[in-house]
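Inside the fold
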Amino acid sequence: MLSTQKKIVFTALTLGVSLVAFIGVIEIYSQWRMKPPTLKKDPRLYQQVSAEERKTIEARYPFLQRRQSEKSYPEYHDLVPLQRSNFERSPQGILKPLPNVTERLDVTYAGSKQIQYSTVESTDGWSRRLSAPRDPASPPRAKHLLIMGCSFVWGDWLTDSDTLPWLLNEKQKTYFSYNLGGPGYSAADVLARIEFDGFFSEVQPRSGRAIYVFYKDHINRFVGNFRRLAKDHVTAYYEELSPYEFEFRGNQTSGKPVQTLIAKLLSSFKVIDFFDINYPIVGQGEMDQYARFLKVLEQKYQEEFGAKNPFTVLIYPDEYKSMDYAALVSTFKRHQLDVLDYNKFPLADYIEGDFLLPDSHPNRASHNLLADLLVTDLKLKDGEE
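Residues numbered from 1 in each chain as written. Predicted model: local features only at pLDDT ≥ 70, side-chain atom pairs only at ≥ 80, totals over all residues. Heavy atoms only, no water.

This part is about the overall build of the chain. A count of helices and strands for the chain gives 13 helices and 11 strands. Each of the 385 residues in the chain was classed as buried or not, and the buried ones make up 50%. At a minimum sequence separation of 6, the contacts of the chain that also span at least 24 residues come to 76%. (Helix = DSSP H or I, 4+ residues; strand = E, 2+ residues; numbered from the N terminus. Buried < 20%, exposed > 50% of the residue type's maximum accessible area, 1.4 Å probe, protein only. Contact = heavy atoms within 4.5 Å.)

Below is the structure:
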C-alpha cells in the first residue's frame, strides 16, 4: 500500500504529465491549423455606417465623391522589415531616427527578392521626418501644426511627400506642419522625445496647434502587453505614480524585465497565437490611464507654446470594429480632451483603388483624404480660424 505522501506525489506527477501532454496536443493542433493572416475579415467585423451617418458626412464634406466600385483590398503580404540604417536607440532606449539624413529604402515581400517599390525617408536636424522640401526660401507660415503619433504619422513604407504632415503643408499655407511621429510609437515615445530629444526644438512660429493621431494599438503599446514584451518592444515606459503623474522608466522591455522574460517563454508556443491570447486586455482602466497620459502630453505642449494653443486627439479611421470606440471617445472627453473622431469614416467608399498598403498601413490616398478632412474641420485655411 502506498503511503499518503507517496499518493500525493504520484497524483501530482500524473496531473503534471497529463497537463504537459494536453498542452502538447493543443500545440500540435495549433501549428497544423494556423492560417496566414488576411485582410479579408468577416464582414460582421466591419464598421457599419448608416445611411443617415453617410448623409451627414457628405453634407459636411461636399468635395467627397462616392466610389462606384466594390471595396478593394491589397493582397496581404508579410513585408520584409525595412533595412533602415537611419535609426538608432537613444540613450534612454527609445527608437529614433538619425538627424539630417536621407535614405532610400527598397520594399520587398517575404520570400521574394523582387523590389515592389522604393521609398525615401529624410530627417531634419532634430530627427524629425521632413514634412516639406529643404527650401529656406519658402515664405514663413503664420502658425505651427504639430502632428504627433506613430508610423501612421511618420509614414512607414511611404516616401516623404506621401506622409500626412507633408500633405497638410501642401493643402494650406497658414500652418507649417511638423512630423512628430515614429514607427511603433505611442504617446509615451512622443513625450520621451520631447523631454530628452528636443522634439519641440526650433518649432516656428510659437503659436499654433497640436494634433495627436490615435491608432487602435497605442494603448497596447503604452501598457506593454504580453505580445509587445515578447518582441522586445522598445516603446517608452512611463509608470503612473498617481493620477496625472508619470515617471519615465526607460523602455517597456528594460523597465519590465520579469514580465518580458515570462512573455518570451510563453510566446514560443503556437497555442498563444491560435487562441489570440494577450494580457492585459484593453478595458476601461487602460483607457482611463491613457487619457490621463494624453492630458500630461497636452500640458507639456501648452507649457512650451502657451495655454491658448489647442491640443486635439484625432481618432484615425478604422475599417473594423477593433475596439469599443464609443467608450474610448467618451473616456477621452471625460478627461477634458478635445477629440476629432474619424473612427467610422468610410475611407474605402471615397477612394478609388486600394486605401491600405499590403500590411494594412494607410497609403498616400488615405492620408490625402484625411488631410482634406482636417483642413475642413479645423479650418486650417487662411483666415478661417
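Let us now look at the pairing of strand E11 (residues 338-341). Judged from the 4 bridges that link them, strand E10 (residues 311-315) and E11 form a sheet pairing that is parallel. Bridge assignment links threonine 312 to a residue of E11, and that residue is aspartate 338. As for the winding sense of the linkage, the β-α-β connection from E10 through helix H12 (residues 325-334) to E11 is right-handed. (Pairing = 2+ DSSP bridges. Right-handed = clockwise from strand over helix to strand, strands pointing away.)

We now examine the environment of serine 330. Assignment of secondary structure puts serine 330 in helix H12. Exposure remark for serine 330: the relative accessible area of 44% places this residue in the partly exposed category. Considering only alpha carbons, one finds serine 330 and methionine 287, 43 residues apart in sequence, at a separation of 9.9 Å.

Here the second largest pocket defines a volume of roughly 700 Å³. If you trace the second largest pocket, you find 25 residues lining it, with Ala132, Pro133, Asp135, Ser138 and Phe176 closest to the centre. Where the lining of the second largest pocket is concerned, the elements lending two or more residues are helix H4 (164-171) and strand E6 (175-181). (1 Å grid on protein atoms, 1.4 Å probe; cavity = no way out; pocket = protein on both sides within 12 Å on 5 of 7 lines; lining within 4 Å. Points joined across faces, edges and corners; volume = space filled by probe spheres on them.)

Low pLDDT means the predicted atomic positions in that stretch should not be read closely. For the chain, mean pLDDT is 85; residues scoring 70 or higher make up 82% of the total. Below a pLDDT of 50 lies the segment residues 29-34, which in the model reaches 8 contacts outside its immediate sequence neighbourhood of four places, other chains included. (pLDDT = per-residue confidence, 0-100.)

A separate point is the packing of helix H11 (residues 284-305) against H12. Remark: H11 packs on H12, axes separated minimally by 9 Å, with the N-to-C direction vectors making an angle of 40 degrees. Accordingly, the angle class assigned to the pair H11 and H12 is oblique. For the crossing formed where H11 meets H12, the hand is right-handed. Residues Gln284, Met287, Asp288, Tyr290, Ala291 and Leu294 of H11 touch H12, and the partners they reach there are Ala327, Leu328, Thr331, Phe332 and Arg334. Here the contact of H11 with H12 is built from residues that sort into 7 nonpolar, 2 polar and 2 charged. (Axes fitted to C-alpha atoms, helices over the stretch in contact; angles between N-to-C directions. Parallel < 35°, antiparallel > 145°, perpendicular 65-115°, else oblique. Left-handed = near helix turned anticlockwise from the far one by under 90°. Nonpolar A, V, L, I, M, F, W, Y, C, P; charged D, E, K, R; others polar.)

This part covers helix H13 (residues 364-377). The first and last C-alpha atoms of H13 sit 20 Å apart over 14 residues, in line with the 20 Å expected at 1.5 Å per residue. For H13, the complete set of buried residues consists of Ser366, His367, Leu369, Leu370, Ala371, Leu373, Leu374, Val375 and Asp377. Where H13 is buried, its residues meet helix H2 (51-60), helix H3 (151-154), H4, strand E7 (208-214), E10 and E11. Its side-chain oxygen placed 3.1 Å from the backbone nitrogen of alanine 365, asparagine 363 serves as the N-cap of H13. Immediately beyond the C-terminal end of H13, within one or two residues, lies lysine 379, with a positive phi of roughly 50 degrees. (Expected span 1.5 Å × (residues − 1). Polar contact = N/O pair within 3.5 Å; in protein donor to acceptor, adjacent residues only side chain to side chain.)

Another aspect to go through is the packing of aromatic side chains. As enumerated under the stated definition, the model contains 21 aromatic pairs in all. Ring centres 4.9 Å apart and planes at 70 degrees place the aromatic pair phenylalanine 176 and tyrosine 178 in the edge-to-face group. Geometrically, the ring pair formed by phenylalanine 200 and phenylalanine 305 is edge-to-face, given 5.1 Å between the ring centres and 70 degrees between the ring planes. With phenylalanine 200 in the loop between helix H5 (187-197) and E7 and phenylalanine 305 in helix H11, this pair connects stretches of sequence that are 105 residues apart. Residue phenylalanine 200 shares its accessibility class with phenylalanine 305, and that shared class is buried. In textbook terms, an aromatic cluster arises when at least three aromatic residues are bridged by ring pairs, as seen for Phe196, Tyr212, Phe214, Phe222, Tyr238, Phe246, Phe248, Tyr290, Phe293 and Phe332. (Phe/Tyr/Trp six-rings, centres within 6.5 Å; stacked < 30°, edge-to-face > 60°.)

So, about empty space enclosed by the protein. For the structure on display, the rule yields 1 cavity of 30 Å³ or more. Volume-wise, the largest cavity comes out at about 40 Å³. Lining the largest cavity are Ser90, Gln92, Ile94, Lys96, Ala192, Arg193, Phe196 and Asp197. Among the elements that take part in the lining of the largest cavity, H5 stands out by supplying 4 residues, more than any other. Taken together, the residues of the lining of the largest cavity break down into 3 nonpolar, 2 polar and 3 charged.

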